[in-house]
Amino acid sequence: MPTNLLARLPALLALLALSASAHLPAQFGEQLTEEDDPTLRLGDLPTAERAAEPAFYDRVRRLMSGKPKARKRAARALARADESVLIPLVDAYFFSPNEARPELKQALEDLSGMQLGSRYRDWFEYVGSREDLDTPPGYTAWKGELFSRIDPAYRRILSPETTVRLRLREVQWGGVPLDGIPTIDDPEAVPAGDARFMRDTDTVFGVTLGGEHRAYPVKVLSWHELLNDTVGGRPIALSFCTLCGSGILYLAEDTSGSRMLFGTSGLLYRSNKLMFDHATRSLWSNLTGEAVVGERAAEGARLEMLPMTLTRWDAWRQRHPDTTIMRPDPAAAQRSGYRYIEGAADEARAGVEFPVWRRSDALERNERIYALQIHGEAKAYPLDKLREEILIHDTLGGLPIVIIFDSASGAVRAYERGDRRFRIPGIAPVRQLRAEDGTVWRLAEEGLAPAGGGDLLPRVPGHVAFWFGWYAFYPETGVY
């Protein structure tokens, strides 16, 4: 990232955790001109790629230039173009200097017949909502060219031959370059008794694998957003998209069983973070675990989601006294300006939103839900509803499940239930269930464990999320 660009983002880069949160109030394009930053010069494509691309891209580039006559000629030519040019025009609008905005806005209005004003987010949402609008040829390379003005690595990720398995028009910059937020790799873990940096009321992501229990403080992950570690001998990636409130655990292995290491790409899709793997620099969706851009996308790769529990530290420690917990690195906090205090990262990004065109009023935008997707069927369970009912029997994707809410810790766990129905004996905290046949089942992290031994009823992976973020990916979702 050019030094002069870094200088224009002091607050953002001082925190480095706000990839999703530091949407520039005046937009990136309004901050820079060609004179300010040489990376905004035109004609920066390799000759072979330039020769192969449709001519309208060069006209769009001229619309972004500092030459008024060139902009006017380009605007007249683009007024007669195919509507698909709206897609790169909206990208150009984001990156253009102030003086180029009027012609770009006019071109958008002429092609669309819409009067949406001068806000980038309104045009971004409009183009996203136009499902009838075909993506123009050469668009992947165009997007890579524009994003390379932020970080040259994006051109390699979005090369002309790249496999893309998402609507690339809805990918936008989140505020930092590739790997601009420091990922936590193989952190030190200490016994619960040594966790003097934790308060009982702090929230943690609790992980159990191979008989090993480990907790990861949310007050740390809220800044770093991504973690690579090994628990119970299995490599994991814990991806936390703070914008959409979804912390998800994945088994970080490729098809050969080799460990995969992930980083934050600095890009967003429908306000959800895109991570990348270091081996191929393919982009992956935080929410679905799918490879969506690059070599792994061509293979149709998808990560296995694992169960994880969002809970209070005191509750996790009581359930699992042998747990270890990730120790925060104070040096990392000092270098980055992070405050490893519960809620500090949320406070820093308060009020920040990115445009998402697909919305639903079925629930409030940021209502917290427990999200499940089984055999292609998605469903959202509002946490307030879970808090009210505590125990829910349901069937999703043809699989009978039971969901338990622990009012003492806020934890939600879902399990397969077969043909059984349960009730809760006693009072909170919920530690066991009683089936209608009188058998008692203990709530273990891996599954429901029958008293006296026997086969577990497996845990079903799910996670907490904000309603808007879940709905943007799963518009056919049910709501409990």
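Located above this text is the structure these notes cover.
Notes on the structure in this doc start here.

Parameters at a glance
Residues numbered from 1 in each chain as written. Predicted model: local features only at pLDDT ≥ 70, side-chain atom pairs only at ≥ 80, totals over all residues. Heavy atoms only, no water. Helix = DSSP H or I, 4+ residues; strand = E, 2+ residues; numbered from the N terminus. Buried < 20%, exposed > 50% of the residue type's maximum accessible area, 1.4 Å probe, protein only. Contact = heavy atoms within 4.5 Å. Areas by Shrake-Rupley, 256 points an atom, 1.4 Å probe, with all protein chains shown as cover. Polar contact = N/O pair within 3.5 Å; in protein donor to acceptor, adjacent residues only side chain to side chain. Phe/Tyr/Trp six-rings, centres within 6.5 Å; stacked < 30°, edge-to-face > 60°. Lys NZ or Arg CZ within 6 Å of the ring centre and 35° of its normal. Expected span 1.5 Å × (residues − 1). Core = buried A, V, L, I, M, F, W, Y, C linked by side-chain atoms within 4.5 Å. Salt bridge = Lys/Arg side-chain N within 4 Å of Asp/Glu carboxyl O. Pairing = 2+ DSSP bridges.

Remarks on the overall build of the chain
Link 1 in the chain: Counting its regular elements, the chain contains 17 helices and 27 strands.
Link 2 in the chain: The buried share of the chain, reckoned over its 480 residues, is 58%.
Link 3 in the chain: By sequence separation, contacts in the chain at least 24 residues apart represent 63% of the contacts at least 6 residues apart.
Link 4 in the chain: Element-wise, carbon and sulfur atoms account for 48% of the exposed surface of the chain, whose accessible area totals about 19,600 Å².

Some points on the side chain of aspartate 277
Link 1 in the chain: Following the sequence through the fold, aspartate 277 ends up in strand β10 (residues 272-277).
Link 2 in the chain: A polar atom in the side chain of aspartate 277 sits 3.3 Å from the backbone nitrogen of alanine 279.
Link 3 in the chain: Of the polar contacts made by the side chain of aspartate 277, one reaches the backbone nitrogen of threonine 280; its length is 2.7 Å.
Link 4 in the chain: Not counting the four nearest positions on each side in its chain, aspartate 277 is found in contact with Met260, Leu261, Phe262, Ser282, Trp284 and Arg296.

Side note on the environment of glycine 66
Link 1 in the chain: Relative to the helices and strands, glycine 66 is located in the loop between α4 (56-63) and α5 (68-78).
Link 2 in the chain: For the pair glycine 66 and proline 97, spaced 31 residues apart in the sequence, the C-alpha separation amounts to 8.0 Å.

Considerations on the packing of aromatic side chains
Link 1 in the chain: The tally for this structure, following the rule as stated, stands at 17 aromatic pairs.
Link 2 in the chain: Taking 5.2 Å as the distance between ring centres and 75° as the angle between the ring planes, the aromatic pair formed by phenylalanine 94 and phenylalanine 95 counts as edge-to-face.
Link 3 in the chain: Residue classification places phenylalanine 94 among the buried positions, given a relative accessible area of 7%.
Link 4 in the chain: Accessibility expressed as a relative area gives 2% for phenylalanine 95, which makes it buried.
Link 5 in the chain: Through successive ring pairs, a cluster of aromatic residues spans Phe94, Phe95, Tyr120, Phe124, Phe147 and Tyr154.
Link 6 in the chain: One Lys or Arg, arginine 101, reaches over the ring of tyrosine 93 and ends 4.2 Å from the middle of that ring.
Link 7 in the chain: Over the face of the ring belonging to phenylalanine 468 we find arginine 365, whose NZ or CZ atom lies 3.7 Å from the ring centre.

Observations regarding helix α7 (residues 101-112)
It helps to recall that an α-helix has 3.6 residues per turn; residues three or four apart then point in one direction.
Link 1 in the chain: Taking 1.5 Å per residue, twelve residues should reach 16 Å; α7 reaches 16 Å between its end C-alpha atoms and fits that length.
Link 2 in the chain: Among all positions of α7, only Arg101, Glu103, Leu104, Ala107, Leu108, Glu109, Leu111 and Ser112 are buried.
Link 3 in the chain: Along its buried surface, α7 packs onto α4, α5, α6 (86-95) and α8 (120-129).

Thoughts on the nonpolar core
Link 1 in the chain: One finds Leu89, Phe262 and Trp470 to be the most contacted residues of the largest nonpolar core, which totals 82 residues.
Link 2 in the chain: Looking at this core element by element, the count peaks at eight residues for α6.
Link 3 in the chain: Excluding anything up to four places from it in sequence, tryptophan 470 contacts Leu287, Ile369, Ala371, Leu372, Gln373, Ala378, Lys379, Ala380, His463 and Thr477.
Link 4 in the chain: Among the nonpolar cores identified, the runner-up in size contains 29 residues, and Tyr370, Leu372, Ile392 and Phe405 belong to it.

What to know about the pattern of salt bridges
Link 1 in the chain: Inspection of the entire model under this criterion finds 37 salt bridges.
Link 2 in the chain: A salt bridge links arginine 130 to aspartate 132; its shortest N-O distance comes to 2.8 Å.
Link 3 in the chain: On the basis of relative accessible area, aspartate 132 is assigned to the exposed category, the value being 54%.
Link 4 in the chain: Connected through shared salt-bridge partners, Glu53, Asp58, Arg61, Arg62, Glu145 and Arg149 make up one network.

Examining the sheet that holds strand β22 (residues 432-435)
Link 1 in the chain: The strand order across the open sheet built from five strands is β21-β22-β23-β24-β25, with neighbouring strands paired in antiparallel fashion. Looking at the sheet topology across the chains shown, the edges are occupied by β21 (422-423) and β25 (457-458).
Link 2 in the chain: Sheet topology places β22 next to strand β23 (residues 440-443); three bridges connect them, and they run antiparallel. Paired with arginine 434 across the two strands is valine 440, which belongs to β23.

A short note on the pairing of strand β8 (residues 246-251)
Link 1 in the chain: Within β8, six of the six residues are buried, which leaves the element mostly enclosed by the surrounding structure.
Link 2 in the chain: Burial along β8 is two-sided: Ser246, Ile248 and Tyr250 and Gly247, Leu249 and Leu251, pointing in opposite directions, are all buried.
Link 3 in the chain: When strand β7 (residues 234-241) meets β8, the two strands line up antiparallel, connected through six bridges. Paired with phenylalanine 240 across the strands is glycine 247, a residue of β8.
Link 4 in the chain: Here β7 folds back onto β8, and the loop between the two strands holds four residues, one of which, glycine 245, carries a positive phi near 70°.
Link 5 in the chain: As paired elements, β8 and strand β13 (residues 304-306) share three bridges and run antiparallel to each other. Bridge pairing links tyrosine 250 to methionine 305 in β13.

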